[in-house]
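Now for the letters of each chain:
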Amino acid sequence: MSLDVPLATVSSSEVQQVTEKSTRFNISEMLRSMDPLVWHKVAAVSGMAAVGLGAYGSHVFKPKNLAYKDVWQTAALYHLIHSAALLSAPMVKHPHIVLPSGCA
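In this text the structure is predicted, and so the values were computed from the model without any measurement.

Novice: Please give an account of the overall build of the protein chain that cites residues and values.
Specialist: Each helix and strand in the protein chain was counted, giving three helices and zero strands. Along the chain direction, N to C, the helices and strands of the protein chain fall in the order α-α-α. Residue pairs at least 24 apart in sequence account for 67% of intrachain contacts in the protein chain once pairs closer than 6 positions are excluded.

Novice: Could you give an account of the packing of helix 2 (residues 36–59) against helix 3 (residues 66–88), with specific residues and numbers?
Specialist: Here helix 2 crosses helix 3 at 165°, and the two axes come no closer than 8 Å. In terms of orientation, helix 2 lies roughly antiparallel with respect to helix 3. Between helix 2 and helix 3 lies a crossing whose hand is left-handed. Residues that form the contact of helix 2 with helix 3 fall into these classes: 13 nonpolar, nine polar and one charged.

Novice: Give a description of a nonpolar patch on the surface that names residues and reports values.
Specialist: On the surface, a nonpolar cluster with roughly 320 Å² of combined accessible area is contributed by Leu 77, Tyr 78 and Ile 81. The residue Leu 77 is located in helix 3 in this model. Residue class for Leu 77 comes out partly exposed when judged on its relative accessible area of 46%.

Novice: Tell me what's going on with the environment of Trp 39, and back it up with residues and numbers.
Specialist: Structurally, Trp 39 is set in helix 2. Of the residues examined, Trp 39 reaches a relative accessible area of 12% and is grouped as buried. In this structure the C-alpha to C-alpha distance between Trp 39 and Leu 87, which are 48 residues apart in sequence, comes to 6.5 Å.

Novice: Lay out the packing of aromatic side chains with the relevant residues and their values.
Specialist: What describes a pair of aromatic rings is the distance from one ring centre to the other and the angle between the planes of the rings. In this structure the tally under the stated criterion is three aromatic pairs. When the centroid spacing of 5.5 Å and the interplanar angle of 55° are considered together, the rings of Tyr 56 and Trp 72 count as tilted. Of this pair, Tyr 56 sits in helix 2 while Trp 72 sits in helix 3, and the two are 16 residues apart along the sequence. A residue is classified by how much of its surface remains accessible, and Trp 72, at 26% relative accessible area, is partly exposed. Following the ring pairs from residue to residue traces out a cluster consisting of Tyr 56, Phe 61 and Trp 72.

Novice: Could you give me a rundown of helix 2, with the residues and numbers involved?
Specialist: Compared with an ideal rise of 1.5 Å per residue, which puts 24 residues at 34 Å, helix 2 spans 35 Å between its outermost C-alpha atoms and is within 8% of the ideal. Inspection of helix 2 places Trp 39, Ala 43, Ser 46, Gly 47, Ala 50, Gly 54 and Gly 57 among the buried residues, and these make up the whole buried set. The inward-facing, buried residues of helix 2 abut helix 3.

Novice: With reference to specific residues and values, describe helix 3.
Specialist: Its 23 residues place the ends of helix 3 34 Å apart at the C-alpha level, agreeing with the 33 Å of an ideal helix rising 1.5 Å per residue. Taking the backbone nitrogen of Ala 67 as reference, a side-chain oxygen 3.1 Å away marks Asn 65 as the first, capping residue of helix 3.

The rules behind the values
- All residue numbers refer to position in the chain's written sequence, counted from 1.
- For a predicted model such as this one, the threshold for reporting local features is a pLDDT of at least 70, and the threshold for listing and counting side-chain atom pairs is 80 or more; totals across whole chains, interfaces and linings nevertheless cover every residue.
- Excluded from the side-chain calculation are hydrogens and water; included are all heavy atoms of the structure.
- The way it works is that DSSP assigns letters per residue, a run of H or I at least four long becomes a helix, a run of E at least two long becomes a strand, and they are numbered from the N terminus.
- The contact criterion used throughout is that any non-hydrogen atoms of two residues lie within 4.5 Å.
- Every axis in this analysis is a line fitted to C-alpha atoms, fitted for helices over the stretch in contact. Angles between the N-to-C directions lie between 0 and 180 degrees.
- Just so you know how the angles are binned, under 35 degrees is roughly parallel, over 145 roughly antiparallel, 65 to 115 roughly perpendicular, and the rest oblique.
- The handedness criterion is simple: a crossing whose near helix is rotated anticlockwise from the far helix by less than a right angle is left-handed, and one whose near helix is rotated clockwise is right-handed.
- When residues are grouped by polarity, Ala, Val, Leu, Ile, Met, Phe, Trp, Tyr, Cys and Pro land in nonpolar, Asp, Glu, Lys and Arg in charged, and all others, Gly among them, in polar.
- Two distance rules govern patches: like charges are joined within 9 Å, and nonpolar side chains (Val, Leu, Ile, Met, Phe, Trp, Tyr) within 5 Å, applied only to residues with over 30% relative accessible area and no salt bridge.
- For the accessible areas, the method is Shrake-Rupley and the probe is 1.4 Å, while residue cover comes only from the protein chains on display.
- For this analysis, a salt bridge means a side-chain nitrogen from Lys or Arg found within 4 Å of a carboxyl oxygen belonging to Asp or Glu.
- Type-normalised accessible area, obtained with a 1.4 Å probe on protein chains alone, sets the label of each residue: buried when under 20%, exposed when over 50%, and partly exposed for intermediate values.
- Aromatic pairing here means that ring centres of Phe, Tyr or Trp (its six-membered ring) are within 6.5 Å. Orientation follows from the plane angle: under 30 degrees is stacked, over 60 is edge-to-face, and everything else is tilted.
- Expected helix span is given by 1.5 Å per residue-to-residue step, counting one fewer step than there are residues.
- In the analysis that follows, any N or O atom pair within 3.5 Å is treated as a polar contact, provided that within protein one partner can donate a hydrogen and the other can accept it, and provided that, for residues neighboring in sequence, both atoms belong to side chains.

Next comes the structure, spelled out in structure tokens:
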């Protein structure tokens, strides 16, 4: 592969700017083209994991320190709440999370 410009004339900051712009474009394009049904599928998988991990914590997890069991139950509850938030994401006006320009 031949390059028209020698590598020594391209600064690393220019390469980084091009990389950041192309990455930001690809992510933004992907989020815009995302079907709302995808959110439901992600929420379903996340919810199943939350219920499974909660059941594991209740019936199988036997830590030596009982404080760990409380931490596990809190984490499973938060996971389940966030799964419900994912389920409701397609119902809001702008469900896609996009970083404002200037944030990377």
